[in-house]
Amino acid sequence: MEENKSSLLHKTSKVISDFFNPLVSLIIFFVYMSIREYTAKESFLYFLPVLLMIIIPVVVWLVWNVKTGRYTNMDVSNRVQRKTLYIFIAACVITYLVFNYIKNGYIDLVMLFILILLFSLQVSNFFIKSSMHTSFNIFVAALFFTLDWKMGLIWLGIAILVGVTRVILKRHTVKEVFMGAGIAFVVSFIYLYCNIQFQH
C-alpha cells in the first residue's frame, strides 16, 4: 500500500514537472497575454518570431542532443551538460532581441529579463545546479502579475508545486530548488520594478 502511494506520488510529480517545464510555462503566458492584450493578427506577428527563433530551435536542440547522447534527458539534469544548453538558449534569445529591435525599434523587456535570468542561472551553475523549472515558473508568475494579480498568485502556487516535484523526482536537492527560487525572485523583482517604471 505504501509502495503504491509512493509510486502514485512519483507519477503525479512527473506529470506536473514535465508539463510545467520552462518552455510550456512561457508559452502559456504568451498565449494568455496575446488573448488579453492583442488582436489575433498582432498576436500572430508577435508570437511567430518567438516561435521560429526561440521555441522551435530550443526544442530541436534538446531532442537532437538527447538522441545523440550528449544530454542524459530532456530536463538536462547533468550540471556539466547544462552549460551548452544555457549558451544555446541565450544565443536564440539574443537573436530574437536583435531582430525585434531592428524590426520594431524597441527592446522586448520580457525577453531581456529571460536573458538576464538565463545568465544568472549559468553563473549559479558553476557553483550549484539551480532548479531551472522552479526559477522560470517563479519568473512566469511575475509576468502574470503584470497582467492579473490573481493569475500571478495562482502561478506562484504552481511554481512552489513544481519546486516540490523536482525534489520528489530527485532531479534537484532542496538547496538547488531554493537557489533557483532565490535567483528568480531577485530577477522578477527587478523586472516588476522596471515594468512599473516604463508604464509611467
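In the block above lies the structure referred to throughout.
All values derive from a computational prediction rather than experimental measurement.

A.B. asks: Can you help me understand the overall build of the protein chain in this one?
C.D. replies: Each helix and strand counted, the protein chain has eight helices and zero strands in total. Counting from the amino terminus, the protein chain carries its helices and strands in the arrangement α-α-α-α-α-α-α-α. Overall, the C-alpha framework of the protein chain stretches about 55 × 40 × 30 Å when taken along its three principal axes. For the protein chain, buried positions account for 45% of its 200 residues. Expressed as a percentage of contacts within the protein chain between residues at least 6 apart in sequence, the contacts between residues at least 24 apart total 70%. Surface accessibility of the protein chain: about 11,100 Å² in total, with carbon and sulfur atoms responsible for 73%.

A.B. asks: Hey, could you run me through the packing of helix α5 (residues 109-125) against helix α6 (residues 132-145) in this one?
C.D. replies: Two numbers describe how α5 lies on α6: the axes approach to 11 Å, and their chain directions differ by 155°. When the axes of α5 and α6 are compared, the pair comes out roughly antiparallel. For the pair α5 and α6, the sense of crossing is right-handed. Between α5 and α6, the contacting residues are Val110, Phe113, Ile114, Leu117, Leu118 and Leu121 on the first element and Met132, Ser135, Phe136, Phe139 and Leu143 on the second. Broken down by class, the residue content of the contact of α5 with α6 amounts to ten nonpolar, one polar and no charged.

Conventions and cut-offs
Residues numbered from 1 in each chain as written. Predicted model: local features only at pLDDT ≥ 70, side-chain atom pairs only at ≥ 80, totals over all residues. Heavy atoms only, no water. Helix = DSSP H or I, 4+ residues; strand = E, 2+ residues; numbered from the N terminus. Buried < 20%, exposed > 50% of the residue type's maximum accessible area, 1.4 Å probe, protein only. Contact = heavy atoms within 4.5 Å. Areas by Shrake-Rupley, 256 points an atom, 1.4 Å probe, with all protein chains shown as cover. Axes fitted to C-alpha atoms, helices over the stretch in contact; angles between N-to-C directions. Parallel < 35°, antiparallel > 145°, perpendicular 65-115°, else oblique. Left-handed = near helix turned anticlockwise from the far one by under 90°. Nonpolar A, V, L, I, M, F, W, Y, C, P; charged D, E, K, R; others polar.

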